Amino acid sequence: MKNKNAERLDWARKKMVDTQLIPRGLKDERVLEAMRKVPRHLFVQEVHRSSAYEDYPLPIGEEQTISQPYMVALMTEALKLSGKETVLEIGTGSGYQTAVLAELAGRVYSVERIPALAGRARKTLDELGHSNVLVRLSDGTMGWEEHAPYDRIMVTAGAPSVPEPLIDQLKDDGILVIPVGGDLSQELIRVTRDQKGKIRKEKMGGCVFVRLLGKHGWEVNNR
Ligand code: SAH
């Protein structure tokens, strides 16, 4: 039998979907199911476990944050995943968003620039048995050339503009979501590339992310 604490967290996770995601208009049943399944509390530091299913971002160390559950679900829904896609994710962080993507896509390649976060995320993802995920330590603004092109790309840090290498590594018929804007707030942008390679950009609303640092992002020393 499960202990009381595990039961309480399971309940909080289901309640999160019913009170934070569905009422705000999220509809993709596969995404909602993944949000009901992935144990977000295992991706946050021990002291934050009891608030893992609350309606806000949380610190994950190294001055970085795990996004609000709604933002994770919104960005995931925006990718329109059917189950077979190859996905590139930039900004592994805790690995929580990676795990949600791993539930919904064929393969996930995730890039993180901070060694301690990449290491911890890899460990958590391994422990949960996500064998369709690879985490790499490097500057994600360059993409991950080796496995390109990708059906879908998700960036979970705020960029001054859409990094060119990511557009180059997106397949025809592909979708890329990325927060673009200033330091304090950004606009969530969905970039689609049609079958002829034509690029279309669509605004999806405001958001607040930590900076995407790197060659095609914000300058590393300018913080
Ligand atoms: N999606 C994550 C949260 C991401 S926070 C989660 O679910 O926990 C943003 C992350 O992007 C941070 O971990 C930060 O180190 C990383 N990041 C910033 N610039 C990056 C870059 N150029 N390449 C890879 N990762 C980057």
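Residues numbered from 1 in each chain as written. Predicted model: local features only at pLDDT ≥ 70, side-chain atom pairs only at ≥ 80, totals over all residues. Heavy atoms only, no water.

**Student:** Could you give me a rundown of the overall build of the protein, with the residues and numbers involved?
**Tutor:** In terms of helices and strands, the protein carries 6 helices and 9 strands. Whereas a compact globule of 223 residues would reach a radius of gyration of roughly 17 Å, the protein reaches 16 Å, a difference of no more than 12%. Overall, the C-alpha framework of the protein stretches about 55 × 35 × 35 Å when taken along its three principal axes. By residue count, 52% of the 223 residues in the protein fall in the buried class. Taking as baseline every contact in the protein between residues at least 6 positions apart, the subset at least 24 positions apart corresponds to 53%. Of the side chains in the protein, 33 bear a positive and 31 a negative charge, and the two mean positions are spaced by 2 Å. (Helix = DSSP H or I, 4+ residues; strand = E, 2+ residues; numbered from the N terminus. Rg over C-alpha atoms; globule rule 2.2 N^0.38 Å. Buried < 20%, exposed > 50% of the residue type's maximum accessible area, 1.4 Å probe, protein only. Contact = heavy atoms within 4.5 Å. Lys, Arg positive; Asp, Glu negative; His and termini not counted. Charge placed at Lys NZ, Arg CZ, Asp CG, Glu CD.)

**Student:** Describe helix H2 (residues 29-37), listing the residues and the values that go with them.
**Tutor:** Turning to H2, its buried residues are Val31, Leu32, Ala34, Met35 and Arg36. Close packing links the buried residues of H2 with helix H1 (4-21), helix H3 (69-78) and helix H4 (96-104). You can read the cap of H2 off the contacts: a side-chain oxygen lies 3.0 Å from the backbone nitrogen of Arg30, and it is on Asp28. (Polar contact = N/O pair within 3.5 Å; in protein donor to acceptor, adjacent residues only side chain to side chain.)

**Student:** A description of the packing of aromatic side chains should follow, citing residues and the corresponding values.
**Tutor:** For any pair of aromatic rings, geometry is given as the distance between the ring centres together with the angle between the planes. Throughout the structure, instances matching the rule amount to 3 aromatic pairs. The interplanar angle of 65° and the centroid separation of 6.1 Å between the aromatic rings of Tyr109 and Tyr150 together place this pair among those described as edge-to-face. Separated by 41 residues along the polypeptide, Tyr109 in strand E4 (residues 107-112) and Tyr150 in strand E6 (residues 150-155) bring together distant segments of the chain. Ring pairing ties together the aromatic residues Tyr109, Trp144 and Tyr150, which thus form one cluster. Positioned over the ring face of Tyr70 is Arg24, at 4.9 Å from the centre of the ring. Taking NZ or CZ as reference, Arg211 lies 4.6 Å from the ring centre of Trp218, over its face. (Phe/Tyr/Trp six-rings, centres within 6.5 Å; stacked < 30°, edge-to-face > 60°. Lys NZ or Arg CZ within 6 Å of the ring centre and 35° of its normal.)

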